[in-house]
Each structure stands twice: as C-alpha cells, then as structure tokens.
Amino acid sequence: MGKKKSIVLMVLLTIVIVVLCAITVVPSFAIPGTVKKWNPVISMYDLGTDLDGGYYAYYYPNGVISEAEYKNLESEDQADYQNHKGLYLKKDAELGVLNKDGTVSKDFEENFAKATAEICARYSAKGYSDYRVSIVDDYALAIYVPASETTESQSAFQSAYTTFGQFAKTGALEIKMGDALVEERLEYEVDEIIKDFSVYTKNEVAFVQVKFTDVGKEMIKTYKEEGAKTNEETNQTETLKILIGEETVFEIQASDEHITSKNVVRVPFRYETEKNDVETMVILLNSVLNNGGFDIEFNTVSNSQVRTYAAIAGENVLNLIYIALAVVLVALIVFTIVKMGGFGVSCAYSTVSYLIIVAMCYAFISGGVFEITLGSILMFLVGLVLVNVMNMYVYGAIKHEAELGKTLESAVKGGYRKTMMGVIDVYAVAALGAVALLVGVSGVYTFALQALICIVAGAFCNLLWTRVINVMLLSASKDKYKYFRFVRKEDDDDE
C-alpha cells in the first residue's frame, strides 16, 4: 500500500472512530440554543438491580398470610391460623391449605410448585435478565425486578406494579359469547380455538393481537356475519369476551373494525408509549393459554405492597465504574504505545474499536432485552485486557522473528503466522465456554450472551482489525524499525 494512500485512509478512519467514540461515550449535556439534550449510546442501557436497584413484592396464596398481617388480626381471628416458620396458614378446610390433622395438604404443595414454576417462566419471558423469584418459608414468593423498565409516559415503579399484579394471576383462559362459554357452544377447548397472542403496533397504539386456529377463524367469521345477539332480559348486545378466571381482559364487538379480513383480532390496549404493559398482558395470556389455570390463587398486589430496594453496589457507583473503565482504557493505550511504538498505536485503534463495538452491541443487541450488570462490565473489562494481551503476544513474535535476522516485512508476516493459531485457540475456548453457558437461564444466559459479544469483538480486533491498521500505519512510516521500537543490528566489518 502506498504512503499517500495509507495516510488518507488513516485520516478518514480516525475521523470515523472519533465520531463513533463520541456517539458512544460522550456524557449527556444540554444542546445550546435548544431544549434538546445529547445522550450517548451508553445512556440507553437498562441497568440490573446491582447497579440501579429495583422493586420487590410478595405473593401469598389465599389462606397464607405474613407474620405482620397475623399480628394485626383480632385475637379471635388469630385462632383460625397455624404457624409455619414466618408464615401463618389458615385452618379452613375449604381453602385446602391444611389437612384436618394440621399437616400441609399435598394438593396445595403441588399446586404451589406448579404455579411457582409458571410465574418464573412469565418473568423470564418478560426479558428480565436480573430478576429473582424466591420461595419464602416454603409457601410464599418474593419477586425482585430491576428498576430500569421505564417509558416516556410510565415510571419504572408503575411498570413494576403492573407486572407484579398481572403475573400473580392463576386463573384459566376462557372465551364467552354473552354469558355462555364458547366451549359449551362449540364443544372445543380454548387452546383449540386460539393459536397465540402477540403485540401489534400501529398509529402510536399498541394492540393485543389474537391469532386463531381454523376452528377459531370459523367462529369469528360466523360471529361477524350473524352479528351478536341481543340479550332479551338486559336488552344489551352480547359481546365476545376474553377472560382470565372471572376477570374480563377485553371484549370484541361483532362489528368491531379491529377484526381483520383474515379474521385476526387486534384490540387497542394502550398507547405505544405504554407498550410494556401490553407485552406483560400478552405474556400472561400466552401463559394461561398454553398451561391452563392453577388450583391456587395469590393475593392481589396493591400499590403499597410494591417496595423499593437500593442498588447493591451503592448510589452513583455507575459513574465511578465508568471513570475506572476510562482510566483502565487510557492506561492500556499509553502502555502499549510506550512499549511497542507504532505497533502500539495500531493496538490503541484496536482498543477503541473494541470499546465502540461492544458498547453498541450491548445497547442494540442486548439492550432493551437484557439488563447491564456488574457481570456485563466485568466481561467487557476481561475482553479489553485480552485484546491487548493478544496484541502484545503478536508483537513479541514479530520482535523474535526480527532478531533472527529476517527482513522486517518477513518478520511481520512470520510473527502473525506463528501466533494466529494460538490466538484462535484462546478465543475458541472462550467462545465454547460462553456457548456452554447459553443453556443456562436468567442471568447466566444473559452473561453468556454478553460474554459472546465481547469474545467475538475481541477476536475481530485481534485477528483482523489490528493487522489492517498496522499495515496502513507501517506503510506510512519512514523508519520501519523505529516504528516497532526495534534496534537495527549492524554487523562489524572485518578489517
């Protein structure tokens, strides 16, 4: 590559990297003369509970109360309960919590276990990578979610409160035409009528979309053509209702414009700015569609029962972490330039490129789906160090080749050739480890995905990007030995 061409390409590349770096990490600030605000890519991150705190609530099955609630009861009412660790279980046989001999009902235990497993699946489907569903004293649940899920029109608290309330529901999915269940009219079960639920957005409105099976499509077609009947007693038009337990989720009119030509139902549910609530409802609807209801009910979660907890790492720790990462980044750049000269400059470009790639992938691949945790930051740091260690490994091989008396061009090619398999092996082992963790769930799965992002970005920088930049810088260099900080060896002539 010619010297002039190398210089032009490096200038253009430098401009692009500086712009991308600014877009990625330059802190937020008000744009002068406007009401707008500059926000970098890293400000888009949803943060995990260890960095941003979160909210928690307790689910108590009917017939199970906390010690605090027990103490607020009148003494005569307290006699109706039996102590179990930190909980109190009602002796009423109709609730089915306790047997007549005072032991816990096996049916209750089985129903509680099944409902717990499904509630865990709902929170997992919600995309929380940093949530916890803990069993408290055998027969209650403590749910912890991060505080990062917020929108323009909805606070993180409101989002958490809605999710807590919806995911506590354990009733079965039902369809009613007027007052009669569709199963009774059509002799089909609900899961034979409805295929699935999904979110649909249009004109800034978020819809619950219902897709039907062939049987369901025929039902909707007939419902549209014949029209809904009018109840003679109430003189009200009978509607098609979707219920969870005894609660009506939404109603569909026979003339409803949201029944499409393909007999897909789209029910307006919220404005698009509150899409989180619609996603929560869709997860709940699919859950009860695929798994039915459970013979157990949990308490209704009220506003006052949703509590806040602080970040594990402490307040303002994220800013301190960013500062520490910036110090590490600068230290690595300075060290590699001092140690390896021009090759260190190419390593610096590679280091900044790694920062940009990972930061943007965290925002646009895992961001909005998975939260950023201390584990995410640790994985970024490990990848950052690994990129520089591998570059120093290559530099050492090039230096060794040059000391053997080879030409500099040959030394560079030989150094890369001899280290390539070693670098590939390191990243292959790391990638296999991350892939193995993908079979995990929740935070482990998320950590593995984010680790994979760091590994792929590091491998790209080490195996390709650093080498490309090095070729351009080396081509533009006048003294190639000085570029590498090598000492040129000159043989003494015999007199």
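Refer to the structure printed above.
So, here's what we can say about the structure.

Let's shift gears to the layout of surface pockets. Taken as a whole, the largest pocket spans an internal volume of roughly 720 Å³. Residue lining of the largest pocket: 27 residues in total, with Ile42, Ser43, Tyr45, Leu318 and Tyr322 positioned closest to the centre. Of all elements in the fold, only α2 (49-52), α10 (317-340), α11 (342-366) and α12 (374-403) reach the threshold of two or more residues within the lining of the largest pocket. A total of seven residues in the lining of the largest pocket trace back to one element, the largest contributor, which is α10.

It is worth spelling out the packing of aromatic side chains at this point. Here the structure, examined in full by the defined rule, presents 21 aromatic pairs. Ring geometry for Tyr395 versus Phe486: centroids 5.8 Å apart, planes at 40°, classification tilted. Residue Tyr395 is found in helix α12, and its partner Phe486 is found in the segment after α15 (480-483); the two are separated by 91 residues along the sequence. These aromatic residues form a ring-pair network of at least three members: Tyr59, Phe108, Phe112, Tyr139 and Phe298. Over the aromatic face of Tyr200 sits the side chain of Arg266, whose NZ or CZ is 3.9 Å from the ring centroid. Across the ring face of Tyr416, the terminal group of Arg467 is positioned such that the distance to the ring centre comes to 4.5 Å.

For the rest of this paragraph, the subject is the sheet that holds strand β15 (residues 265-271). Taken together, three strands build an open sheet; the order of strands is β11-β12-β15 and the sheet is antiparallel. Each end of this open sheet is capped by a strand with a single partner; those strands are β11 (194-202) and β15. On average, each strand axis in the sheet is inclined to that of its neighbour by 25°, with strand direction left out of account. Where β11 and strand β12 (residues 205-212) come together, eight bridges link them in antiparallel fashion.

Looking now at the nonpolar core. Residues Tyr59, Tyr123, Phe164, Ile194 and Phe250 are the most contacted members of the largest nonpolar core, which totals 67 residues. Broken down by element, the residue count for this core peaks at eight residues, all from helix α9 (residues 275-291). Here this core spans two domains, and each of domain 2 (54-170 + 296-309) and domain 3 (171-293) adds at least three residues to it. With residues up to four places along the chain from it excluded, the contact list for Phe250 reads Phe197, Val208, Val210, Leu240, Lys241, Ile242, Val267, Phe269 and Leu285.

Conventions adopted
- Residues numbered from 1 in each chain as written.
- Predicted model: local features only at pLDDT ≥ 70, side-chain atom pairs only at ≥ 80, totals over all residues.
- Heavy atoms only, no water.
- 1 Å grid on protein atoms, 1.4 Å probe; cavity = no way out; pocket = protein on both sides within 12 Å on 5 of 7 lines; lining within 4 Å.
- Points joined across faces, edges and corners; volume = space filled by probe spheres on them.
- Helix = DSSP H or I, 4+ residues; strand = E, 2+ residues; numbered from the N terminus.
- Phe/Tyr/Trp six-rings, centres within 6.5 Å; stacked < 30°, edge-to-face > 60°.
- Lys NZ or Arg CZ within 6 Å of the ring centre and 35° of its normal.
- Pairing = 2+ DSSP bridges.
- Axes fitted to C-alpha atoms, helices over the stretch in contact; angles between N-to-C directions.
- Core = buried A, V, L, I, M, F, W, Y, C linked by side-chain atoms within 4.5 Å.
- Buried < 20%, exposed > 50% of the residue type's maximum accessible area, 1.4 Å probe, protein only.
- Domains from an automatic or database assignment.
- Contact = heavy atoms within 4.5 Å.

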